[in-house]
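So the chains spell out like this:
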Amino acid sequence: MSTNAELKLDGKTYSLPVVEGTEQERAIDVTTLRNQTGHITLDDGYANTGSCYSKITFIDGERGILRYRGIPIEELAEKSTFIEVAYLLIQGRLPNRAELRNFSELLTRNQLLHEDLKFHFEGFPSNAHPMAILSSMINAASCFYPELLLDPKTQFEIEAARLISQVRTIAAFSYRKSRGLPIIYPKPAYKYTANFLHMMFSDPYQDYELNPEAVRALDLIFLLHADHEQNCSTATVRMVASSRANVFASAAAGVCALWGPLHGGANQAVLEMLDQIHREGDDGSKFIQAAKDKQSGKRLMGFGHRVYKNYDPRAKIIKRACDDLLGKLHRGDPLLDIAKHLEQAVLSDAYFVERKLYPNVDFYSGIIMRAIGIPVEMFTVMFAIGRMPGWIANYREVMEDPHSRIYRPRQIYTGDGLRHYVPLEERP
Ligand code: CMC
């Protein structure tokens, strides 16, 4: 359907096209607005702004729907794996058996870091945050393969495989370094997620005993984080890509954007919040009060979302997986009890109900990671490992769009009017 919106401004009427996506999302196309009217649009935080056309991920926040390349997240969570989903996101369709095998082999061939990269880890203090190490090392990794960057079109598959595979190797190495432990190399025989746990927890003299339930749960966490349309970090990756920066530089920028506690850093913040509530012996009521008080500077971490005004479908899946894993490991966790209590209390609290604040993906994921033995400062790194295929798919979309222009928003200037330079000796 193609219609037009009419804009009345300064006594004139302008016609702006209305565009519609495959799921009937509609937008007023303002591409010609400034040329026609001299005005720009202002949308603080971009809550009403579509920045691109994309074929990768669909979200309906009102109905709690999330689909990768059209496939519901619930089906993928039940039937697929992280690596198959990575292929789906980047290539646009599910692989056949041979394609999946080739993709896995490509990842395995590219999982080792250049040996000289090991020396870069030495430069970080042992208390460096792993997200700082991750973004630096992703950029550093690109310096070792300059030939890939020279010809991104033909080398894209290898670049993408290097990033997906090596982000996991860098993550595990940075953890080992932070604990003063020797580095463990990946084993070609292991699949992606098992290999990550091996590199994290094995010792040179003894292999870590892989628990299939833990491997499956972590793989599910990676899969559920694999893409989420134009969130802060993905929009950052597209922004950097739009300047034609290489995929490593764009992904490193994505890691930095993800780090903040309002975005990927929320999973670490949730665990710290639950832990604080536990240590203080509160059942969560005091924290809920504080989260409702704007003066307190506190928020209920793991709650609320810019797009979901309903349950985040990923949160539902993760909550079930969390119960399942703890059951299978025959383990309880007081933080899970606190989390469930908080959720119950909040879902009937007028403040949260009116604002449509529901648990998001970060609310229960930390409890799973804690059960697996992932330290809390590595939680956001797990999010970054999971999100890498989504960033790469979005990077590719920008690069392959023949109409792609550099992303360059405008502003409404609110600073001083014209004033003149005062020499230093004349200043008060
Ligand atoms: N606790 C208490 N109040 C909240 C919360 C919260 N977690 N989230 C939003 N609000 C309030 C907010 O104060 C505002 O109230 P009022 O209308 O009275 O001013 C209202 O709800 C709307 O919030 P907003 O900040 O305008 O919403 P936003 O779309 O800009 O922010 C958010 C979305 C996710 C940043 C926010 O809900 C938040 O800070 N949540 C906690 C951090 C978190 O869990 N982040 C992970 C997001 S999911 C993973 C990801 O994709 O990164």
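Residues numbered from 1 in each chain as written. Predicted model: local features only at pLDDT ≥ 70, side-chain atom pairs only at ≥ 80, totals over all residues. Heavy atoms only, no water.

J.: Let's hear about the environment of Phe124: which residues, and what values?
T.: Looking at the element boundaries, Phe124 is found in the loop between helix 5 (117-122) and helix 6 (130-143). Counting along the chain gives 53 residues from Phe124 to Lys177, while the straight-line C-alpha distance between them is 8.9 Å. (Helix = DSSP H or I, 4+ residues; strand = E, 2+ residues; numbered from the N terminus.)

J.: Give me the lowdown on the site of the ligand, citing residues and values where you can.
T.: Taken together, 21 residues lie around the ligand, and His263, Arg299, Leu300, Gly302 and Arg306 are the ones closest in. Take Tyr351: an N or O atom from its side chain is 2.9 Å from a nitrogen atom of the ligand. Within the side chain of Arg355, an N or O atom sits 2.9 Å from an oxygen atom of the ligand. Out of a free accessible area of 940 Å², the ligand has 76% covered by protein chains. Taken together, the residues of the shell around the ligand break down into 10 nonpolar, 6 polar and 5 charged. (Near = heavy atom within 4 Å. Polar contact = N/O pair within 3.5 Å; in protein donor to acceptor, adjacent residues only side chain to side chain. Areas by Shrake-Rupley, 256 points an atom, 1.4 Å probe, with all protein chains shown as cover. Nonpolar A, V, L, I, M, F, W, Y, C, P; charged D, E, K, R; others polar.)

J.: Before we move on, could you go through the nonpolar core and cite the residues and values that matter?
T.: If you look at the biggest cluster of nonpolar residues, it comprises 118 residues, and the most contacted ones within it are Ile138, Phe196, Leu274, Ile374 and Met382. Split by domain, the residues of this core number at least three in each of domain 2 (72-259 + 379-400) and domain 3 (266-372). Beyond its immediate sequence surroundings of up to four residues, Leu274 is in contact with Leu335, Ile338, Ala339, Leu342 and Ile367. (Core = buried A, V, L, I, M, F, W, Y, C linked by side-chain atoms within 4.5 Å. Buried < 20%, exposed > 50% of the residue type's maximum accessible area, 1.4 Å probe, protein only. Domains from an automatic or database assignment. Contact = heavy atoms within 4.5 Å.)

J.: Break down the sheet that holds strand 3 (residues 26-28) for me, citing the residues and quoting the values.
T.: With respect to topology, 3 strands assemble into an open sheet ordered 1-2-3, the strand pairing being antiparallel. Every interior strand has two partners, whereas the edge strands, strand 1 (3-9) and strand 3, have only one. For this sheet, the mean angle separating the axes of adjacent strands, direction not counted, is 30°. Bridging between strand 2 (residues 12-20) and strand 3 involves 3 bridges; their strand directions are antiparallel. Its bridge partner lying in strand 3, Glu20 is registered against Arg26. (Pairing = 2+ DSSP bridges. Axes fitted to C-alpha atoms, helices over the stretch in contact; angles between N-to-C directions.)

J.: Describe helix 9 (residues 192-201), naming the residues involved and giving the relevant values.
T.: Extensive coverage of helix 9 is indicated by the burial of 10 of its 10 residues. What helix 9 keeps buried is the set Tyr192, Thr193, Ala194, Asn195, Phe196, Leu197, His198, Met199, Met200 and Phe201.

J.: Summarise the packing of helix 11 (residues 232-242) against helix 19 (residues 379-400); cite the residues concerned and give the values.
T.: Look at helix 11 against helix 19: their axes get within 9 Å of each other, and the N-to-C directions meet at 35°. The element helix 11 and its partner helix 19 pack so that their crossing is right-handed. On the side of helix 11, the interface is formed by Ser233, Thr234, Val237, Arg238, Ala241 and Ser242, while helix 19 contributes Arg387, Trp391, Asn394, Tyr395, Glu397, Val398 and Met399. Residue classes in the contact of helix 11 with helix 19 are distributed as 6 nonpolar, 4 polar and 3 charged. (Left-handed = near helix turned anticlockwise from the far one by under 90°.)

Read these as layout, nothing more, since geometry by itself doesn't imply function.
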